[in-house]
Amino acid sequence: MVHLTIQGIEVEVSEGTSVLEAARIAGVEIPTLCYHPDLKPFGSCGLCIVKQVGNSKIIRACATPVSEGMNIIAHDEELHEVRKSILELTLSTHPTSCLTCVRNNKCELQRLAIEFGLREQPFGVRLYDNVHKDDSTKAIVLDPVKCVKCGRCVQVCQNLQGAYALEFCSRGERTTMSPAFNLPLNSSPCIKCGQCITHCPVGAIYEWDDTDEFMKAIRDPEKTVMVQIAPSVRVALGEEFGMKPGELSTGKIYAALKRLGSDYVFDTNFGADLTIMEEGHELVERITKGGVLPQFTSCCPGWVNYCEEYYPELIENLSSAKSPMMMQGAVTKTYTAEKLGVPIEKVYSVAIMPCTAKKGEITRDKGHAYSSGEQ
């Protein structure tokens, strides 16, 4: 264990702990923008700078390990002004379109600007003309004009997911995070896992939005709207409305969808049961009739994408079964439609899923064994 003092508060932490983590244990908040607990410290934003008593060097708390007897100054007038200037410079190349941004009220940069009382931009705003919005995947949208160059998306894509779809391109102030050679994201090895979205602190990366299409279908009297929800949605969605983590909101979701105008609501659990039966049947056939083994599940489109991109030699090991979402969608537009006497072309099938790879899944080539061609 290591003993140190942070802003006058004595704290004991494990050896190898960073100054930033030690400060949080001590209850001292140090601002960050590039730091994320899932990733290795990158130190690109410079907001977490602190001072060490007896040392004139300013250090970055996220990337500095603690040492015995350290005495850290986390807040003083100089540090505040430097951090404020960093934020002002960051905002000088960032759009002021907060009102229409998908991350409005959930943006880390916006929160920091509020905390530091920034109401004016002394350096003005200068946007770069070498970047353009990329919506080529119809699952993940890159809007690099909003990028703050924190590097989180590149780190999570390369080091956590092993996909290497995103990279640092260009240099200096024109640095952008994009596929190599600034190719469209759909031309990269992106597996559409969405971890770049989860780790982006601003609105530079976000998911493709189909809400308007859903609402158009609901308002169309000729359409019979049938919705399915994934198991995790019943937990995750409640947190957005202040419910306790882990608390089920199944009934509320069903009621909300019906009030919105959905005609029928199904649970993807049924599709999962179908998938288990199909994959199990296929496995038995492979074992008894000499098929390719081992058999890997095909229920996760992100995993299927990863296998196709990086381990094509294992594609034959994938089950040919559709994912639970696609099975539920196929049943909705065939068996259910027939039982209700609704023409298939009048059925509008909607899936509320926790994964952006599902958005990519519905655009797969109809001829592929893994795609239903129904959605």
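For the structure, see preceding data.
One numbering rule holds for all chains: residues counted from 1, following each sequence as written. Thresholds applied to this predicted model are a pLDDT of at least 70 for local features of residues and 80 or more for the giving and counting of side-chain atom pairs; totals over whole chains, interfaces and linings are not thresholded and use all residues. Hydrogen atoms and water are omitted, and side-chain values are computed over all heavy atoms in the structure.

S.K.: How should the packing of helix 2 (residues 77–91) against helix 3 (residues 108–115) be read in this particular structure?
M.R.: Axes are the key here: two packed helices are described by the angle between their axes and the distance separating the axes. At their nearest, the axes of helix 2 and helix 3 sit 11 Å apart, and the two run at 135° to each other. One way to sum up the angle between helix 2 and helix 3 is to call them oblique. Read as a crossing pair, helix 2 and helix 3 show a hand that is left-handed. Seen from helix 2, the contacting residues are Leu-87, Thr-90 and Leu-91; seen from helix 3, they are Leu-109, Leu-112 and Ala-113. Only Asp, Glu, Lys and Arg are considered charged, only Ala, Val, Leu, Ile, Met, Phe, Trp, Tyr, Cys and Pro nonpolar, and every remaining residue, Gly among them, polar. Considering only residue class, the contact of helix 2 with helix 3 consists of 5 nonpolar, 1 polar and no charged. Structural elements are reduced to axes, namely lines fitted to C-alpha atoms, with helices fitted over the stretch in contact, and the angle between N-to-C directions of any two is expressed from 0 to 180 degrees. Labels follow the DSSP assignment, with helices taken as runs of H or I lasting at least four residues and strands as runs of E lasting at least two, numbered in each case from the N terminus. An angle below 35 degrees is read as roughly parallel, one above 145 as roughly antiparallel, one from 65 to 115 as roughly perpendicular, and any other as oblique. Helix crossings fall into two classes, left-handed where the near helix is turned counterclockwise from the far one by less than a right angle and right-handed where it is turned clockwise. Contact definition: two residues touch when any of their heavy atoms are within 4.5 Å.

S.K.: For this particular structure, what's the right way to read the sheet that holds strand 11 (residues 264–267)?
M.R.: Adjacent strands of a sheet pair through backbone hydrogen bonds, lying either parallel or antiparallel. At least two DSSP bridges between two strands are required for those strands to pair. Strand order in this open sheet of 3 strands is 11-10-12, and the pairing throughout is parallel. Two strands close off the open sheet at either side, each with one partner strand: strand 11 and strand 12 (347–352). Strand-to-strand, the axes of this sheet are offset by a mean angle of 25°, without reference to chain direction. Bridge count between strand 10 (residues 224–229) and strand 11: 4 bridges; the pairing is parallel. Looking at strand 11, one finds that Ile-229 is bridged to Asp-267. Lying over the sheet, helix 9 (residues 268–289) contacts strand 10 and strand 11, oriented at roughly 45° with respect to strand 11. Along the sheet, helix 11 (residues 324–340) contacts strand 10, strand 11 and strand 12; its crossing angle with strand 10, the most-contacted strand, is approximately 145°.

S.K.: Just to check I follow, could you spell out the sheet that holds strand 4 (residues 55–60) for this structure?
M.R.: With mixed pairing, 5 strands are arranged side by side in an open sheet as 2-1-5-3-4. At either end of the open sheet lies a strand with only one pairing partner, and these are strand 2 (9–13) and strand 4. Averaged over neighbouring strand pairs, the angle between their axes works out to 35° when direction is ignored. Direction of pairing for strand 3 (residues 49–52) relative to strand 4: antiparallel, over a ladder of 4 bridges.

S.K.: Just checking my understanding: could you explain a nonpolar patch on the surface for this structure?
M.R.: Candidates for patches are residues over 30% relative accessible area with no salt bridge; among them, like charges are joined within 9 Å and nonpolar side chains (Val, Leu, Ile, Met, Phe, Trp, Tyr) within 5 Å. Per-residue accessibility takes into account occlusion by the displayed protein chains alone, with areas from the Shrake-Rupley method and a 1.4 Å probe. When a carboxyl oxygen of Asp or Glu is within 4 Å of a side-chain nitrogen of Lys or Arg, the pair counts as a salt bridge. On the surface, Leu-283, Ile-287 and Leu-293 cluster together into a nonpolar patch covering about 260 Å² of accessible area. Relative to the elements of secondary structure, Ile-287 occurs in helix 9.

S.K.: Quick question: what am I supposed to make of the nonpolar core here?
M.R.: Within soluble globular proteins, side chains that are nonpolar tend to cluster in buried spots. Residues Leu-109, Ile-140, Leu-166 and Ile-205 are the most contacted members of the largest nonpolar core, which totals 33 residues. Mapped onto this core, the elements with two or more residues apiece are helix 2, helix 3, strand 6 (140–142), helix 4 (152–160) and helix 5 (195–199). Here, nonpolar core refers to any group of buried Ala, Val, Leu, Ile, Met, Phe, Trp, Tyr and Cys residues whose side-chain atoms link them within 4.5 Å. Burial here depends on accessible area, computed with a 1.4 Å probe over protein chains only, as a share of the maximum for the residue type. Under 20% is buried, over 50% is exposed, and the range in between is partly exposed. Grouped together as the second largest cluster of nonpolar side chains are 22 residues, Val-2, Tyr-35, Ile-59 and Ile-72 included.

S.K.: Would you take a moment to explain the pattern of salt bridges for this structure?
M.R.: Side-chain pairs of opposite charge can arise whenever the charged atoms involved come near each other. Under the criterion given, the structure shown has 15 salt bridges. The salt bridge partner of Arg-152 is Glu-108, with a shortest N-O separation of 2.8 Å. Highlighted residues: Arg-152 in helix 4 and Glu-108 in helix 3, separated in sequence by 44 residues. Lys-346 is paired through a salt bridge with Glu-222; the nearest N and O atoms lie 3.3 Å apart. Placement of the pair is Lys-346 in the loop between helix 11 and strand 12 and Glu-222 in the loop between helix 6 (211–219) and strand 10, with a sequence separation of 124 residues. The exposure class assigned to Lys-346 is partly exposed, which follows from its relative accessible area of 29%. In this structure Glu-222 comes out as partly exposed when scored by relative accessible area, which is 49%. Here the salt bridges do not stand alone but share partners, grouping Lys-51, Asp-76 and Glu-78 into one network.

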